[in-house]
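Secondary and tertiary structure notes
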Amino acid sequence: MTVHDMKHAASDSARLEAVGGRLSRVDGPAKITGAAHYAFEQQLEGLAHAVVVGATIAAGKVSGIDTRAAETAPGVLTVLTPDTIMKLNGASDWFGNPSPRPTYCPLAREVTYSGQHVAAVVAETFEQAVAAAALVKVSYDEIPAIVDLSDGKAGDGIPIEAMTKEWGDAQAAFAEAPVRVCAAYNTPREFQAAMEPHGLIARWEGEELTIWEPSQWLDGMARTYAEWFGVPFENVRLVSPYIGGGFGSKALALAHSAVAAAAAKMLKRPVKLVLNRPQNFTSYGGRAATRQTVAIGADKDGRIQSIVHRGINETAVDGMWVEPLGSVTSIMYATPNFSSKQNVVRVNTVVPGAKRAPGENPSAFGIESAIDELAHELGMDPLEMRLINYAEQDPHAKKAWSTRQLREAFAAGAEAFGWAKRSREPRSMRDGHQLIGWGVAAGTYPVRRAHGEAVVKILADGSVVVESSSIDMGQGTYTILAQTAAETLGVPVSQVSVKLGDSHFARAGVTGGSRLAGVMTGAVYKAAGQALDELVGLALSDPRSPFQKLQANTLQVRDGRIASPRGEGPELSIAELMSALGRDRIEAKGDTLPANTTPQERYANYTTIAKSIPHTEGEWSRHSWCAHFVEVRVDEDFGTVRVSRVVSALDSGRLYNPKLAESQWKGGIIMGIGQALLEEGIVDRRHGRIVNGNLADYMLPTNADIPDIQTISVGIPDPHSSALGGKGVGELAIVGIAPAIANAVFHATGKRVRDLPITLEKLI
Ligand code: MCN
Ligand code: MOS
């Protein structure tokens, strides 16, 4: 290698490793070799095993629990019931609102959903606990349950006023519009179905609690545990270095978490509790089932005059979940008149929860199907339809978009897909006995923002450590934070180690709403900048520094070596400089909070979601955008639908790592294909049970279901959305895929399916 080649290689790797480079996952080797230890893999001395017993009815009372057989079974340490489990305090919710009830019992006497935990067995081994749990005899006084939204007893539900969005006179304008479409769109109950199940290991040492649990929110969950057990927040340590997928389901401490931590305290032994697969379908909520009616009135040229939208989502009898169905409806298209309202209906289910793009995902299914129906009604191209109704500003907030590259997304996607070759009429494209359909739909997700904190340490050997209690569940946090620190400090990535997933590190809010990358790159950028300033400051001013005599006003670090920018004077490695300075470390804690933030506000910022910054704060409305182009092939005889091609163009602003962003987008698209064609929680009408609560019967896409997926980035840096110009990536691409597929199926077959999933019997 010549010196020239070496310089070249160094600058290539610097590009790869800088923010915006396609660096491969730095946690990849540890995961592939098994060196990465997941929460349940901790080997602890004296570990006992807990198994929960779920209710076999969906509504009623536990009239008795006969624990005698279980208690005398081999290896059993204790059988917990509502009568015998220790009392816990009621904990505040994720907004920080105090619990309405002073005490909390994670085992139910009043049953409000099938599978609800009513008892638990703790034994020496997992097998003994499973065997004994089967011996617990629970009797019930059952009452009729409301099994789902289609239940005759469900009613219209409760209006959620905060969801109402209105301007103009939507009803009147719809009634007067020359062209009208109005239809109802349904999505079923869906589940996050992460590969790694939910569960935890809990260990008490005196009043100190350590929890190893896969978690999207260490500090939020630590708050809940601390409140349940009445110990200081600092006494609770959550450890979650690796997570086998969460998709929204792992942000909260749940009833089974409380059972394990209580059992550990009562037995004075560490306790492990891992939910089995069926319990993963009933112990926490998936995406709520939804119903929407979308009415669009337009003039003869296709210009929208009015949108009237009504939505319903299911929630629990004993808990509230609102799935905001008007979120995309209210911003995607320009309309002078608009009305959106939403009710929730209580059914006997565990309280539904967040699943990748809660709200935006089902919302887009409604509006992006309806706009396709309007295009068909008018004989217009559905892409043209979207362009003539393009919203030049946020129609709801009435603010300018921070950036909106959606027109560019439509153009780039259409070009790459070959949209111009589409023939307009349904059933007009075929290949033998396969009907071919081409569909388009748009998607969007708000830029959720928050304040973040990180610690960056420069050590004596020149290595750099980044610490944060934020997490990586597969999105790439380890990698992009290593890139951010490496670029800011001017060191190679191999010199940086990122430590995440321990609540004793610098605090972090929830990893949800696709906000973590923006928040944490900003915090690491700030902390690393402070560490660098300190290093350079010492190098310039410390009498022991070889740079002191230079009288320069700055120094530059490149590839881990420090020198004057003009190349005069010495050049040292960071390790050499640290040794000259006699320092074993330089440490900076950077956060993006205003300087006058009080300790209470800090605590609330990291342990609740009450301090999130609205995406329409100030002058701008901030969102990611995307356009999906989909080809389906429908077998004319059998009605089977295959997605054969997807081209998506996406605007997530600046990408911190395009390789990882593309992988996130593809993951979202794949999940959307599952939603469109396969996924559906089926509820038994007699006892409200999830019939297909396992990975054989709850259908998820496999490799054979997934075609070639092309993603195109059309984003530009958005200075209003984050410190480094990026917008959200993780949830964006699942928004709009299901309607793009439904629209393609309509184009292929002439049959409009408004009820997900699109299964073959709906095409007959
Ligand atoms: N990224 C980027 N450029 C940007 C923004 C992000 O390159 N401008 C890349 C980075 O690799 C970053 C990743 O995309 O690590 C996701 O960043 P972001 O959009 O900020 O999302 P979060 O880090 O907050 O991750 C949460 C998000 C959510 S809310 C769900 S749900 C979801 C998702 O991420 N669950 C996932 N993606 C998932 N991916 C995996 N493998 N597993 C899950 O459970
Ligand atoms: Mo994601 S559903 O906001 O964790």
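Here we summarise the structure given alongside this text. Source: prediction; values computed, not measured. (Residues numbered from 1 in each chain as written. Chains lettered and ligands numbered in written order. Predicted model: local features only at pLDDT ≥ 70, side-chain atom pairs only at ≥ 80, totals over all residues. Heavy atoms only, no water.)

1. Re the site of ligand 1
Around ligand 1, 32 residues are found, and the nearest of them are G246, R654, Q664, V729 and G730. F247 is positioned with one of its backbone polar atoms (N or O) 2.8 Å from an oxygen atom of ligand 1. Elements with a contribution of two residues or more to the shell around ligand 1: α11 (477-489), α12 (516-541) and α15 (658-677). Considering every element that reaches the shell around ligand 1, the biggest residue donor is α15, with three residues. The residue makeup of the shell around ligand 1, split by class, is 10 nonpolar, 17 polar and five charged. (Near = heavy atom within 4 Å. Polar contact = N/O pair within 3.5 Å; in protein donor to acceptor, adjacent residues only side chain to side chain. Helix = DSSP H or I, 4+ residues; strand = E, 2+ residues; numbered from the N terminus. Nonpolar A, V, L, I, M, F, W, Y, C, P; charged D, E, K, R; others polar.)

2. Some points on α15
Taking 1.5 Å per residue as the helical rise, α15 with its 20 residues ought to reach 28 Å, and the 28 Å between its terminal C-alpha atoms agrees with that figure. Judged by how many residues are buried, α15 sits mostly within the fold: 14 of 20 residues are covered. Put simply, N657 is the residue that caps the front of α15, since its side-chain oxygen is 3.0 Å from the backbone nitrogen of K659. (Expected span 1.5 Å × (residues − 1). Buried < 20%, exposed > 50% of the residue type's maximum accessible area, 1.4 Å probe, protein only.)

3. A few points about the sheet that holds strand β28 (residues 585-591)
Strand order in this open sheet of four strands is β24-β23-β22-β28, and the pairing throughout is mixed. With one partner strand each, in any of the chains shown, β24 (496-499) and β28 form the two edges of the open sheet. Neighbour-to-neighbour, the strand axes of this sheet turn through a mean angle of 15 degrees, independent of strand direction. (Pairing = 2+ DSSP bridges. Axes fitted to C-alpha atoms, helices over the stretch in contact; angles between N-to-C directions.)

4. Digging into the nonpolar core
Ranked by size, the top nonpolar core spans 84 residues in total, and within it I296, L406, F629, V632, I741 and I758 carry the most contacts. Counting residues per element, this core draws most heavily on helix α16 (residues 737-749), at eight residues. Setting aside residues up to four positions removed in sequence, I741 forms contacts with V630, V632, V643, G672, I673, A676, L677 and I758. Counting residues in each nonpolar core, the second largest holds 46 residues, with A485, A486, L535 and I562 among its members. (Core = buried A, V, L, I, M, F, W, Y, C linked by side-chain atoms within 4.5 Å. Contact = heavy atoms within 4.5 Å.)

5. With respect to the sheet that holds strand β15 (residues 271-274)
Across the sheet, which stays open at both edges, the seven strands sit in the order β3-β7-β1-β15-β12-β13-β14 with mixed pairing between neighbours. Either end of the sheet is taken by a strand with one partner, and the two such strands are β3 (76-80) and β14 (236-239). Strand after strand, the sheet turns through a mean of 20 degrees between neighbouring axes, direction not considered. Lying over the sheet, helix α4 (residues 126-133) contacts β1 (48-54), β3 and β7 (117-123), oriented at roughly 25 degrees with respect to β1. In the packing of helix α6 (residues 218-229) onto the sheet, contacts are made with β12 (199-205), β13 (208-212) and β14, and the angle to β14 comes to roughly 140 degrees.

6. Some details on unusual backbone geometry
Trans is the common state for peptide bonds, and a negative phi is the common state for residues other than glycine. Residues L756 and P757 are joined by a peptide bond in cis, for which omega reads -5 degrees. Position of P757 among the secondary structure elements: in the segment after α16. Phi is positive for F247, which is not a glycine, with a value near 55 degrees. Along the chain, F247 turns up in the loop between β14 and α7 (255-267). Given a relative accessible area of 29%, F247 falls into the partly exposed group. Backbone geometry places A357, a non-glycine residue, at a positive phi of 60 degrees. Topologically, A357 is positioned in the loop between β18 (337-347) and α8 (360-378). A relative accessible area of 0% places A357 in the buried class.

7. Observations regarding empty space enclosed by the protein
Taken as a whole, this structure holds three cavities of 30 Å³ or more when the rule is applied. Its boundaries defined by the atoms lining it, the largest cavity holds a volume of some 110 Å³. Lining the largest cavity are 17 residues, and of these R189, F281, T349, V350 and I690 lie nearest its centre. Grouping the amino acids of the lining of the largest cavity by side-chain chemistry returns seven nonpolar, seven polar and three charged. Here the second largest cavity is characterised by a volume of approximately 50 Å³. Around the second largest cavity, the lining residues are A450, H451, G452, E453, R507, A508, G509, V510, R515, L516, V519 and M520. Residue contributions to the lining of the second largest cavity peak at three residues, all from α12. Of the residues in the lining of the second largest cavity, the class split is six nonpolar, three polar and three charged. (1 Å grid on protein atoms, 1.4 Å probe; cavity = no way out; pocket = protein on both sides within 12 Å on 5 of 7 lines; lining within 4 Å. Points joined across faces, edges and corners; volume = space filled by probe spheres on them.)

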